[in-house]
Amino acid sequence: MLNVVVLSGRLTADPELKTTANGISVCSFSIAVERRYRSGEERQSDFINIVTWRSSAEFVSKYFKKGQMIAIRGSIQT
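Residues numbered from 1 in each chain as written. Predicted model: local features only at pLDDT ≥ 70, side-chain atom pairs only at ≥ 80, totals over all residues. Heavy atoms only, no water.

Caption draft 1: Representation of the pattern of salt bridges. Applying the stated criterion across every chain yields a total of 4 salt bridges. For glutamate 41, the salt bridge goes to arginine 38, with nearest N and O atoms at 3.8 Å. Judged by its relative accessible area of 40%, glutamate 41 is partly exposed. Arginine 38 gets classed as exposed once you look at its relative accessible area, which sits at 64%. (Salt bridge = Lys/Arg side-chain N within 4 Å of Asp/Glu carboxyl O. Buried < 20%, exposed > 50% of the residue type's maximum accessible area, 1.4 Å probe, protein only.)

This is the structure:
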């Protein structure tokens, strides 16, 4: 089976960095991913919640802010 996703969108808010009781960094944020649209149609977006761990969490919280473009590669968990 394959569970790989690549998303590109804009951060809807500043990333929120937290630390677990074991000292592991966790960063949560959401991105707005635009859907394809035809000329004359209203633009639509999907809002996707993202969670990153450890060094990736620290990197995102340090270098990204609300409104910036970001590309994410990972897997989907529901």
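Caption draft 2: Structural view of helix 1 (residues 54-63). For helix 1, every residue scored as buried is listed here: Ala57, Val60 and Ser61. Buried positions in helix 1, seen along its axis, are confined to an arc of 95° and lie on one side of it. Within helix 1, the exposed residues directed more than 90 degrees away from the buried face are Ser55 and Lys62. Those residues of helix 1 that are buried lie in contact with strand 2 (16-19), strand 3 (25-34), strand 4 (45-53) and strand 5 (69-74). (Helix = DSSP H or I, 4+ residues; strand = E, 2+ residues; numbered from the N terminus. Arc of directions from axis to C-beta. Contact = heavy atoms within 4.5 Å.)

Caption draft 3: Broad picture of the nonpolar core. Core analysis: the biggest nonpolar cluster contains 13 residues, and Leu11, Phe29, Ile31, Ile50, Val60, Ile70 and Ile72 have the highest contact counts within it. Among the elements of the structure, strand 1 (5-11), strand 3, helix 1 and strand 5 are those that each provide at least two residues to this core. By residue number, the principal contributor to this core is strand 3, which donates 4 residues. Apart from residues no more than four positions distant in its own chain, isoleucine 72 is found in contact with Val5, Val6, Leu7, Phe29, Ile31 and Ile50. (Core = buried A, V, L, I, M, F, W, Y, C linked by side-chain atoms within 4.5 Å.)

Just geometry here; none of it tells us what the structure is for.
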